[in-house]
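Summary of the model geometry
Letter by letter, the chains look like this.
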Number of protein chains: 2
Amino acid sequence: MKFGGTSVATLDRIRRAAKRVGVEVAKGYDVIVIVSAMSGETNKLVGFVEETSPLFDAREYDAVVSSGENVTAGLMALTLQEMDVPARSWQGWQVPVRTSDAHASARIEEIPPENITAKFAEGMKVAVVAGFQGISPEGRITTLGRGGSDTTAVAFAAAFGAERCDIYTDVDGVYTTDPRICEKARKLDRIAFEEMLELASLGAKVLQTRSVELAMRYKVRLRVLSSFEEQSDEAGTLVCDEEDIMESNVVAGVAHSRDEAKMTLVSVADRPGIAAAIFSPLAEAGVNVDMIVQNISEDGRTDMTFSCPTNQVARAEKALAAARDEGVINFAEVLADTGVCKISVVGIGMRSHAGVAAKMFKVLADEGINIQVITTSEIKISVLVERKYMELAVQALHDAFELDKAG
Amino acid sequence: MKFGGTSVATLDRIRRAAKRVGVEVAKGYDVIVIVSAMSGETNKLVGFVEETSPLFDAREYDAVVSSGENVTAGLMALTLQEMDVPARSWQGWQVPVRTSDAHASARIEEIPPENITAKFAEGMKVAVVAGFQGISPEGRITTLGRGGSDTTAVAFAAAFGAERCDIYTDVDGVYTTDPRICEKARKLDRIAFEEMLELASLGAKVLQTRSVELAMRYKVRLRVLSSFEEQSDEAGTLVCDEEDIMESNVVAGVAHSRDEAKMTLVSVADRPGIAAAIFSPLAEAGVNVDMIVQNISEDGRTDMTFSCPTNQVARAEKALAAARDEGVINFAEVLADTGVCKISVVGIGMRSHAGVAAKMFKVLADEGINIQVITTSEIKISVLVERKYMELAVQALHDAFELDKAG
């Protein structure tokens, strides 16, 4: 059971979360609880670090920022003890959660279950573990990066062969689309790992992408549910294997992302190797290029369009200018358009159903929305459109694919 | 160098403290810096624990409460790095600071210097260590109790054979008495360990008692100085061996404590073993009895008076009532007087100068102050008087022993 920052934001909420844990203990389960920092704490600590040292040593960042989870873990253990549930807290290094030494974005490498298992054998019912943190080979504290507590939870579920991994958060499950944009959005009872992965990486901020990857790899049955509503075995959304979903819509959901920018290099030489020449410097500069489109060539020159996160535009421009100065590439100008957004439809049903892309394009055309860039994968179609059409596009697609009705 | 909570209360103050550290590094020293939590943090965390669980598991208390120091240690290391001083942080378990398993009031048992020494050999100049915490034989986090960072600092100074242990705090040294009560109070340049020990345990809250005990035992030259004033080699007060003090007053200082209560058992049987019968149950109940006076016996019965902290009166009354119910002791009634205070004069000069007690009693008598209880040790005389006379008694004694003049 994992409780996010809003689910443990106050002592009262910790008590409410502890009661949920108590219900599972009463059913006879041994429970591992993963906790985040009380909401706001991590931001406060990150603020301290950034103000102290703009180019901070990530090892010290980790030492500071990991402390919020330690507080919640201790408080959760105390709350459970008050309810007469035998519990104790573990910090990452005590388990130990062994990670890589990539400070501030470490990867979990191993979670030896012995220490916690021994305590379960002695009668302890709940192990409360500080999420988001681990220990490097050198013995220093690491953190997993933002949203890392989800990953901690899935990794523990895998390491201990847990029956289920329940992620308690401030929403009651995964929706067909963002309910704030489309009032017909419907909560999904089940969603396939692959679909969740696409939705997670597309900006549906319910679960961290890496936690879904891990869950898929280790076949962890992952449930997302609200810590603010009554609990039941059917609550929330189960993220599971494709074969555990009996019947489903062709399209599972419509996602949107508003922090995508479109960049165009005007008049680059159309020669073999030009894509590598453009995108290698961008990769080296840490620009996350998402979609790429190359226009039809005229007179040996072409335009190259790509998308990247809005806050990386300046970095991309700098890298491209440097590459031109070094003679690696040649172009007339760079156009940056930050007035776009990305709309995606996702569904494993696309594999066996043709015509989803065609239908999507027609729906948008009927609404007078011009598509600027397109990319597709096996279970996803994404388009860039003007940002002002975002709500309209999401609502129209949600209607057209009848996502308000269960499949 | 140890910096207390007020000295690291904000990022600006951490920067100021780091500059002091930089001065010592520039002189060629390797420095170990011990930090407390930012002021207010520990109280906040203790509040969380007490609200969660009034009879808390001290192991979880320690896990929660120790996190404040971890934050400051990381921030101090980052601040030093920003000043181009090679530094890194250590949490108690990383050093490791091995302690007993008496959670919330653990004793330091061993500090192996190898890990930190190895880093000094590699060119690191400052090891920043989170104070107040350690690790139990079982591998769980412990804390040393309130003021424990002073003890951490002295223990490190002893373990590393430090030239000096500088305790930076919000006062500029040790005074002949409390300057808020007596405006003639004078800062002492030097004070003997034994004197400091009496003053610390008498309520002069400059240093934690255990840190002074440790410093005395391991001959650590301890300096108390303000982090808010300009630094110099003569700043603050040096706590040192008696023989390092050339000339001194017979009396070094006058201390007071306002949270003492006087309790009297009226009409107890005066028989061998009666003191043990009374004070054993009190000790078992955790009552810290300080002064004890047994009145002259009449008709085989006597009154027994003792003092204890005001907040332990209820516990003492309960323990005494229980002992009477069990037939262990017999008395007519228990009188508790919380309107008293303790005044003490302290000085190693008393060993060789007779008449200090006589002078003290005369000074108080001349002011019309009635003495209720007296205790003495080799270098201290304490009396209980009505609390309303506290300021008057302190000022009169300070004048009479000419403490405003250097010895």
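Residues numbered from 1 in each chain as written. Chains lettered and ligands numbered in written order. Predicted model: local features only at pLDDT ≥ 70, side-chain atom pairs only at ≥ 80, totals over all residues. Heavy atoms only, no water.

On to the overall build of chain A, then. Check the secondary structure of chain A and you find 12 helices and 20 strands. In terms of principal-axis extent, the alpha carbons of chain A reach across some 75 × 50 × 30 Å. When the 407 residues of chain A are sorted by exposure, 55% land in the buried category. Within chain A, contacts between residues separated by at least 24 positions form 74% of all contacts whose residues are at least 6 apart in sequence. As displayed, chain A offers around 17,300 Å² of accessible surface, 48% of which is attributable to carbon and sulfur atoms. (Helix = DSSP H or I, 4+ residues; strand = E, 2+ residues; numbered from the N terminus. Buried < 20%, exposed > 50% of the residue type's maximum accessible area, 1.4 Å probe, protein only. Contact = heavy atoms within 4.5 Å. Areas by Shrake-Rupley, 256 points an atom, 1.4 Å probe, with all protein chains shown as cover.)

On to the UniProt feature "binding site: ATP" (unreviewed entry) in chain A, then. Residue and element names in this part refer to chain A. The residues that UniProt annotates with the feature "binding site: ATP" (unreviewed entry) are Lys 2, Phe 3, Gly 4, Gly 5, Thr 169, Asp 170, Tyr 175, Arg 180, Lys 205 and Val 206. Taking the farthest pair of C-alpha atoms as the criterion, the annotated set spanning 205 residues is dispersed, since that pair is 24.8 Å apart. Inspection of the secondary structure assignment puts Lys 2 in strand β1 (residues 2-3). Of the residues examined, Lys 2 reaches a relative accessible area of 7% and is grouped as buried. In this structure the side chain of Lys 2 is engaged in a polar contact, spanning 2.9 Å, whose partner is the side chain of Asp 150. Its location among the elements puts Gly 5 in the loop between β1 and α1 (11-26). Classification of Gly 5 by relative accessible area gives buried; the value is 19%. Leaving out residues up to four positions away in the same chain, Gly 5 has contacts with Ser 36, Ala 37, Met 38 and Ser 39. (UniProt positions renumbered as here; feature names shortened; annotations may be inferred. Polar contact = N/O pair within 3.5 Å; in protein donor to acceptor, adjacent residues only side chain to side chain.)

A few words on the pairing of strand β2 (residues 31-35) of chain A. Residues and elements named next belong to chain A. For β2, a buried count of 5 out of 5 residues is recorded, marking the element as mostly surrounded by other parts of the structure. Burial along β2 is two-sided: the face carrying Val 31, Val 33 and Val 35 and the face carrying Ile 32 and Ile 34 are both buried. In this sheet, β2 lies alongside β1 in parallel orientation, the contact comprising 2 bridges. Note that in β2 the partner of Phe 3 across the bridge is Val 35. Crossover β1 to β2 through α1 is right-handed. (Pairing = 2+ DSSP bridges. Right-handed = clockwise from strand over helix to strand, strands pointing away.)

This paragraph deals with the interface of chain A and chain B. Taken together, the contact pairs 39 residues of chain A with 39 residues of chain B. Interface area lost by chain A to chain B is led by Thr52(A), Leu78(A) and Trp93(A), which between them contribute 19%. The partner of Glu138(A) in a salt bridge is Lys119(B), with the nearest N and O atoms 3.6 Å apart. Counting every contact that joins chain A to chain B gives 8 residue pairs in polar contact (both at pLDDT 80 or more). Looking at the side of chain A that touches chain B element by element, the count peaks at 10 residues for helix α4 (residues 67-82) of chain A. (Buried area = accessible area lost by both parts, 1.4 Å probe. Salt bridge = Lys/Arg side-chain N within 4 Å of Asp/Glu carboxyl O.)

Take the sheet that holds strand β20 (residues 380-386) of chain A next. Backbone-to-backbone hydrogen bonds join strands into a sheet, with any given pair of strands oriented parallel or antiparallel. Residue and element names in this part refer to chain A. Within the open sheet, the 4 strands sit side by side as β13-β18-β20-β19. Their pairing is antiparallel. The outermost strands of the open sheet, each flanked by one partner alone, are β13 (253-257) and β19 (373-377). Neighbour-to-neighbour, the strand axes of this sheet turn through a mean angle of 20°, independent of strand direction. Relative to strand β18 (residues 340-346), β13 runs antiparallel, the two being bridged by 5 bridges. Bridged to Val 254 within β18 is Val 345. Contacts from helix α11 (residues 356-366) reach β18, β19 and β20 within the one sheet, and its direction differs from that of β20 by about 20°. Sheet contacts for helix α12 (residues 390-400): β13, β18 and β20; angle to β18, the most-contacted strand, approximately 15°. (Axes fitted to C-alpha atoms, helices over the stretch in contact; angles between N-to-C directions.)

Turning next to the UniProt feature "binding site: substrate" (unreviewed entry) in chain A. Residues and elements named next belong to chain A. Within this numbering scheme, the UniProt entry marks Thr 42 and Glu 69 as carrying the feature "binding site: substrate" (unreviewed entry). Sequence-wise these annotated residues cover 28 residues; spatially they are packed, their C-alpha atoms never more than 8.5 Å apart. Relative to the elements of secondary structure, Thr 42 occurs in helix α2 (residues 41-52). Looking at Thr 42, the relative accessible area reads 13%, which means it is buried. Once residues within four sequence positions are removed from consideration, Thr 42 is found in contact with Ala 37, Val 65, Glu 69 and Arg 146. Relative to the elements of secondary structure, Glu 69 occurs in helix α4.

What follows is about the relation of the copies chain A and chain B. Take chain A, turn it by 179°, move it 0.1 Å along the axis, and it overlays chain B with an RMSD of 0.2 Å. Interpreted geometrically, this transformation is the action of a two-fold axis. Every residue of chain A has its C-alpha some distance from the rotation axis, and the shortest such distance is that of Ser67(A), at 2.7 Å. A shared interface surface links the copies, since 100% of the contact residues of chain A are contact residues in chain B too. (Least-squares fit on C-alpha atoms with pLDDT ≥ 70 in both.)

All names here are of chain A. Following both chains from N to C, one finds helix α6 (residues 148-159) and helix α8 (residues 209-217) inclined at 15°, their axes separated by 7 Å at the closest point. Between α6 and α8, the crossing angle belongs to the class labelled roughly parallel. Considering how the two elements wind past one another, α6 and α8 form a crossing that is left-handed. Mapping the contact onto sequence places Asp 150, Thr 151, Val 154 and Ala 155 in α6 and Arg 210, Ser 211, Leu 214 and Ala 215 in α8. Looking at the contact of α6 with α8, its residues break down into 4 nonpolar, 2 polar and 2 charged. (Parallel < 35°, antiparallel > 145°, perpendicular 65-115°, else oblique. Left-handed = near helix turned anticlockwise from the far one by under 90°. Nonpolar A, V, L, I, M, F, W, Y, C, P; charged D, E, K, R; others polar.)

Residues and elements named next belong to chain A. Tracing the backbone shows Asn 330 in the loop between α10 (313-325) and β17 (333-337). For Asn 330, a relative accessible area of 47% gives the class partly exposed. Remark: the alpha-carbon pair of Asn 330 and Ala 162, spanning 168 residues in sequence, is separated by 55 Å. Aside from chain neighbours lying at most four places away, what touches Asn 330 is Ser 267, Val 268, Ala 269 and Arg 301.

All right, on to the packing of aromatic side chains then. Residue and element names in this part refer to chain B. What the rule picks out here adds up to 9 aromatic pairs over all chains. On the numbers, 4.7 Å between centres and 15° between planes, the contact of Phe 3 with Tyr 168 is stacked. You can see Phe 3 sitting in strand β1 (residues 2-3) and its partner Tyr 168 sitting in strand β9 (residues 165-169), a full 165 residues away along the chain. Here Phe 3 and Tyr 168 have matching classes, each one buried. Above the plane of the ring of Trp 90 lies Arg 88, whose end atom (NZ or CZ) is 3.9 Å from the centre. A cation over a ring is seen here: Arg 324 above Phe 331, with NZ or CZ 4.4 Å from the ring centre. (Phe/Tyr/Trp six-rings, centres within 6.5 Å; stacked < 30°, edge-to-face > 60°. Lys NZ or Arg CZ within 6 Å of the ring centre and 35° of its normal.)

What follows is about unusual backbone geometry. Residue Pro96(A) follows Val95(A) across a cis peptide bond; omega there is -10°. Of note, the phi angle at Asp84(B) is positive, near 65°, even though the residue is not glycine. Structurally, Asp84(B) can be placed in the loop between α4 (67-82) and β3 (87-90).

Quick look at the state of the cysteines now. All names here are of chain A. Scanning all chains against the criterion turns up 0 disulfides over all chains. With no disulfide partner, Cys 341 has as its closest neighbouring cysteine sulfur the one in Cys 182, 14 Å distant. Taking relative accessible area as the criterion, Cys 341 reaches 0% and is therefore assigned buried. (Disulfide = S-S within 2.5 Å.)

With that settled, consider the sheet that holds strand β15 (residues 292-294) of chain B. Residues and elements named next belong to chain B. Reading across the sheet, the 4 strands line up as β15-β16-β14-β17 and stay open at both edges, with antiparallel pairing between neighbours. In the strand order of this sheet, the two ends are held by β15 and β17 (333-337), each with one partner. Pairs of neighbouring strands in the sheet enclose a mean axial angle of 15°, with direction left out of account. When strand β14 (residues 260-269) meets β17, the two strands line up antiparallel, connected through 5 bridges. Bridging from a neighbouring strand, Met 263 pairs with Ala 336 of β17. Here helix α10 (residues 313-325) sits on the sheet in contact with β14, β16 (301-309) and β17, set at roughly 15° to β14.

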